[in-house]
Amino acid sequence: MISTLRASAGFLLRRLGFYGLAGFVALTLNFLIPRLMPGDPATVMFARFQGELEPEAIDALREAFGLTDAPMWEQYLQYLTALSQGDLGLSVAYFPAPVTEVIGVALLWTVLLAGVAVVLAFGLGSGLGALAAWRRNGLLDQIAPPLLSFLGAFPYFWLAMAAAWIFGFQLGWFPLRHAYDAGLDPGLTWAFVSSVISHAVLPAGTMVLAALGGWLLAMRNTMVGVLGEDFITYAQARGLPSRRVWLHYAVRNAMMPNLTGFGMALGFVLSGALLTEIVFAYPGQGYLLINAVLAQDYPLMQGLFLTITIAVLGANWLVDCMTVVLDPRTRT
Amino acid sequence: MSGLLANRKARLGLGILAVIAVLAIAGPWFAHDPLAYLGDPLEAPSARHWLGTTGQGQDVLAQTLVGARLTLGVGFVTGLLVLIIGALIGGTAGYLGGRVDDLFTLLINVFLVMPGLPLMVVIAAWLPPGPLTMMGVMVLTGWSWNARVLRSQVLTLRNRDFVAAAVVSGEPAWRVVVVEILPNMASLLASAFIGATIYAIGAQVGLEFLGLGDLSLVTWGTNLYWATNDAALITGSWWTFVPTGLGVALTGFALSLINFGIDEVTNPRLAATRHVAGPPRSTPVMREEP
C-alpha cells in the first residue's frame with residue numbers, strides 16, 4: 001500500500017515537472033515571439049497611436065510594455081519578475097487596464113463552457129463507442145460512426161453558425177448571443193442560472209456534436225482490439241454476466257488510451273471553443289481573442305495564449321491524477 | 001493501392017475528393033469574377049446567381065469555387081510539409097535513440113500539450129497576412145502529432161532483423177532510413193499526410209475566420225469571415241455560409257473516409273465481420289428440428 005502510494009506520487013510529480021517545463025517553454029516563446037519577428041515590436045504595437053502621441057509618450061509606452069533597448073537577457077529577467085507577480089502587461093485596446101484584469105472573468109466563462117462540452121462529448125462519445133463495438137454491426141454501429149464523423153468534419157464554428165441560424169434565428173428556441181440576459185444580476189438565483197443554461201445550450205451543444213465522432217471512433221476501435229483478447233474470451237467462458245464482461249473487462253481496459261488522448265485533445269477542443277464563442281458573442285477568451293486581433297492588441301493576445309496554455313496544462317495534470325486512480329499499471 | 005480501392009469507404013472518399021478537386025481546378029474558369037459586384041447585397045439563390053449573393057453583392061458560387069482552389073492548395077502543401085518535418089524529427093529520434101531520442105521526445109511532448117490556436121494567433125498576428133504566413137504557422141504548431149506517431153513506428157522497425165542486417169552490411173544511416181525503413185511504413189505515412197491535410201484545412205479556415213488571413217484573397221476562410229461580418233446570421237442569409245461550410249466538411253469527410261479505409265486495410269481486425277466478442281449467444285445443445 002505504502003509503496004504503491006509512493007509510486008503514484010512519484011508518477012504525478014514527474015508529470016508535474018513535465019508540465020512545469022512545458023509551461024516554461026510557453027512563457028519563453030511568449031517572450032521571444034515579438035522580439036524575433038521582423039521589424040521593431042514597439043513600432044508595430046503602437047502603430048495605431050502614431051501621430052496622436054508625442055515621441056516621449058511612445059518612449060514611455062515602450063518602457064511600460066518592457067520593450068526597452070536593454071540587452072535581451074535583462075528584458076527576459078524583467079519579464080519573468082513581472083510574470084511572477086502576476087503581471088501580464090497592459091492591454092492596448094482597453095488601455096490602461098492591465099491584461100490580467102481584462103482576462104479575469106472571461107477565463108471563467110470559457111472554462112465553464114468548454115469544460116462542460118468536453119466532459120459531455122467524452123462521456124457520451126466513449127459510451128456510444130463502447131456500445132457500438134459490443135453490438136458489432138448493429139444499428140448503432142452502422143449509423144453513428146459515419147454520421148458523426150461527417151458532422152465532425154465541419155469546423156466547430158460553422159456548426160455553431162448553422163445551429164444559431166436554425167434554433168436561434170428560425171425557431172427562436174434559444175438566445176443567439178451572450179452568456180445571460182443583460183437585465184439580470186449575476187448571482188445564485190434561479191432566474192440567472194436558467195438564463196446561463198439556456199444561453200449555453202447552443203454553443204456547448206454544437207461543440208459536443210463536433211467532437212462526439214472522434215471519441216466514438218477512438219473508443220470503438222480500441223474496444224474492438226480489446227474484445228479480441230484472450231481474457232475476454234476467458235471471462236465469457238467462465239460464464240460471467242454479459243454486462244460485467246462488458247463494463248469491468250472490456251470498457252475498463254479500452255478506456256485507458258482514450259483517457260490519455262483526452263489530455264491532448266483538450267487543446268484542440270479549446271481552440272474550437274474559442275471560435276464557437278465568437279459566433280455567439282459569448283463573453284469568454286475567444287471573444288477577447290477576436291477583439292485583440294481586430295484591435296491589434298498584442299499584449300492581450302499573448303496574455304490569452306499564456307492563460308489558455310496554463311489552463312490546458314492544469315487540466316492535463318488532473319487527467320493524469322484520474323489515470324492513477326483508474327489504471328493500476330501507473331502505480332507500480 | 002489496389003487493396004485500398006477494394007475498400008468501400010476508401011472508394012467513396014476518393015470519389016468525393018476527385019469531384020471536389022475537379023471543381024476546384026476547373027470551376028473558376030466557368031464562374032463569375034468572385035470579387036466583382038454583380039448584384040444587390042444578400043440576394044437569395046436564383047437562376048442568375050445559383051447560390052445567391054454576399055453582403056457585398058458578389059456571387060457566392062464563384063467565391064466558393066475560387067475559394068476551394070487556394071484553400072485546398074494551401075491545405076495539401078501544408079499537409080506535405082507537416083509530414084516531412086514530422087518524419088524528419090520523429091524518424092531521427094526513433095532511429096538514433098538514446099539521448100537524442102529523449103531530447104526530441106521531450107520537445108514533441110511539449111509541443112503536443114500546447115494549445116494550437118492561441119499559439120498560431122500570437123505568431124500570425126506579428127507577420128504580414130497571407131498564405132505563406134499561414135503555412136509557416138500551421139507547420140510550426142502542427143508537426144508534433146506526426147512526429148510522435150512516426151517516431152514510435154521507426155522505433156519498432158529499427159529493432160527488426162532486416163534493418164539490423166542492413167546496418168551490419170555497412171549501409172549508411174540515411175540509406176537504411178530511406179530504403180529499408182520508410183517503404184515499410186508507407187501506409188502510416190499516407191494516413192499521417194491525410195491527417196495533416198485535414199488539420200491544415202481546418203486550422204487555415206479557423207485562422208482566416210478570425211481575420212488573420214489576407215482579406216483581399218478569396219478563400220473558404222475569408223468567405224466565412226465576410227459572411228459573419230456582413231451579418232449573415234442576423235439577416236438569416238444562410239446561403240452566404242452554407243456552401244463554403246459544406247465544402248470544408250465534404251473535403252474533410254472524404255479525407256477521413258480514405259484514412260478509415262487505410263486503417264481497415266492495414267488492420268483487418270477493424271474490418272473483419274467475424275465474431276470477435278459480443279453478447280453471448282446460447283450454445284445450441286440440441287439439433288434444431290428439421
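Residues numbered from 1 in each chain as written. Chains lettered and ligands numbered in written order. Predicted model: local features only at pLDDT ≥ 70, side-chain atom pairs only at ≥ 80, totals over all residues. Heavy atoms only, no water.

Q: Residue-level account of the environment of A:Ala200, with values.
A: All names here are of chain A. Structurally, Ala200 is set in helix H8 (residues 190-227). With a relative accessible area of 17%, Ala200 lands in the buried category. C-alpha of Ala200 to C-alpha of Arg177: the two residues are 23 residues apart in sequence and 9.7 Å apart in space. The residues touching Ala200, leaving out its near neighbours within four places in the chain, are Leu113, Gly205 and Tyr282. (Helix = DSSP H or I, 4+ residues; strand = E, 2+ residues; numbered from the N terminus. Buried < 20%, exposed > 50% of the residue type's maximum accessible area, 1.4 Å probe, protein only. Contact = heavy atoms within 4.5 Å.)

Q: Break down a nonpolar patch on the surface for me, with residues and values.
A: On the surface, a cluster of nonpolar side chains totalling about 570 Å² of accessible area is made up of A:Leu188, A:Trp190, A:Val193, A:Ile197 and A:Val201. Relative to the assigned elements, A:Trp190 resides in helix H8. (Patch = residues over 30% accessible without salt bridge, like charges linked within 9 Å, V, L, I, M, F, W, Y side chains within 5 Å. Areas by Shrake-Rupley, 256 points an atom, 1.4 Å probe, with all protein chains shown as cover. Salt bridge = Lys/Arg side-chain N within 4 Å of Asp/Glu carboxyl O.)

Q: Give a description of the nonpolar core that names residues and reports values.
A: Ranked by internal contacts, the top residues of the largest apolar core, which has 145 residues, are A:Met223, B:Val121, B:Leu210 and B:Phe241. When residues of this core are assigned to their parent elements, the largest contribution, 18 residues, is made by helix H10 (residues 242-279) of chain A. (Core = buried A, V, L, I, M, F, W, Y, C linked by side-chain atoms within 4.5 Å.)

Q: Go over unusual backbone geometry with me, naming the residues and quoting the values.
A: Residue and element names in this part refer to chain A. Backbone geometry at Ala281 places phi at a positive 50°, although glycine is not the residue there. Following the sequence through the fold, Ala281 ends up in the loop between H10 and helix H11 (285-294). Note on Ala281: relative accessible area 2%, which makes it buried. Even without a glycine there, the phi angle at Gln296 is positive, about 50°. For Gln296, the location among the structural elements is in the loop between H11 and helix H12 (298-326).

Q: So what's going on with the pattern of salt bridges? Which residues, and what values?
A: Tallying each qualifying case throughout the model produces 6 salt bridges over all chains. Its salt-bridge partner being B:Lys9, residue B:Glu264 comes within 2.8 Å of it at the nearest N-O pair. Of this pair, B:Glu264 sits in helix H12 (residues 242-266) while B:Lys9 sits in helix H2 (residues 8-30), and the two are 255 residues apart along the sequence. On the basis of relative accessible area, B:Glu264 is assigned to the buried category, the value being 16%. Via salt bridges that share partners, A:Arg136, A:Asp141 and A:Arg220 belong to a single interconnected network.

Q: Lay out empty space enclosed by the protein in plain terms, naming residues and giving numbers.
A: For the coordinates displayed, the defined rule picks out 1 cavity of 30 Å³ or more. Among the elements of the structure, helix H3 (60-96), helix H6 (131-158) and helix H9 (186-209) of chain B are those that each provide at least two residues to the lining of the largest cavity. (1 Å grid on protein atoms, 1.4 Å probe; cavity = no way out; pocket = protein on both sides within 12 Å on 5 of 7 lines; lining within 4 Å. Points joined across faces, edges and corners; volume = space filled by probe spheres on them.)

Q: So what's going on with a negative patch on the surface? Which residues, and what values?
A: All names here are of chain A. A cluster of like negative charges, contributed by Glu54, Glu56, Asp59, Glu63 and Asp69, occupies part of the molecular surface. With respect to the helices and strands, the residue Asp69 is situated in the loop between helix H3 (55-64) and helix H4 (72-84). For Asp69, a relative accessible area of 77% translates into the label exposed. (Lys, Arg positive; Asp, Glu negative; His and termini not counted. Charge placed at Lys NZ, Arg CZ, Asp CG, Glu CD.)

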